[in-house]
Amino acid sequence: MAVPTGMKGTTGKRGPARPVTVGLYSALFLFGAVQGLIGSFQYSRMAGPVPVAAIICCAVILATCLLGAWATRSASGAVLPGMGWILASFVLSMPVSNGSVIITSTTAGKWYLYGGTLCVAAGVVASFIGVARWAKRN
């Protein structure tokens, strides 16, 4: 196989993946999954008619996505905690064989699932915009 001139001995622009990087991205995914797990059991706490815990859980996953992207300077830093949150939350919202569910179809449940999903999407979109701006600076 022919290698283009000037490319011999290179491993790419960034080089091979480092164990620290893999560990960081794994930790971000697990952090999002743990937030989804905790939120799935705590979302229904209300202050009168307002689903306060669901709204707080949505704000926390948005902040996690944005801070993950900022810390890693890549959109993957926002995508991975978002994937972990969505995976945990939506698996726990599915009914089991006996018919019981953890995340119910109440106002708080809808705020938690739909609001959290929108917050993840907003965090990922904002991270792509931020990555583009960070790339222009360098």
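Each value, and the rule that gives it
Residues numbered from 1 in each chain as written. Predicted model: local features only at pLDDT ≥ 70, side-chain atom pairs only at ≥ 80, totals over all residues. Heavy atoms only, no water. Helix = DSSP H or I, 4+ residues; strand = E, 2+ residues; numbered from the N terminus. Polar contact = N/O pair within 3.5 Å; in protein donor to acceptor, adjacent residues only side chain to side chain. Contact = heavy atoms within 4.5 Å. Disulfide = S-S within 2.5 Å. Buried < 20%, exposed > 50% of the residue type's maximum accessible area, 1.4 Å probe, protein only. Expected span 1.5 Å × (residues − 1). Arc of directions from axis to C-beta.

A closer look at the side chain of Thr72
Relative to the helices and strands, Thr72 is located in helix α2 (residues 52-72). At 2.8 Å, the side chain of Thr72 forms a polar contact with the backbone oxygen of Gly68. With near-sequence residues (within four places) excluded, Thr72 lies in contact with Leu24, Tyr25, Leu28 and Gly77.

Things to note about the state of the cysteines
Inspection of every chain in the model, using the stated rule, returns zero disulfides. The cysteine Cys65 is free of any disulfide, with Cys119 supplying the nearest cysteine sulfur at 8.7 Å. Taking the relative accessible area as the measure of exposure, Cys65 reaches 0% and is therefore buried.

Observations regarding helix α3 (residues 76-93)
In this model α3 runs 25 Å from its N-terminal to its C-terminal C-alpha over 18 residues, within 8% of the 26 Å that 1.5 Å per residue would give. If you check which residues of α3 are buried, you get Gly77, Ala78, Pro81, Gly82, Gly84, Trp85, Ala88, Ser89, Leu92 and Ser93. Angular distribution of buried residues about the axis of α3 spans 155°; they occupy a single face of the element. Contacts made by the buried residues of α3 are with α1 (19-42), α2 and α4 (107-137).

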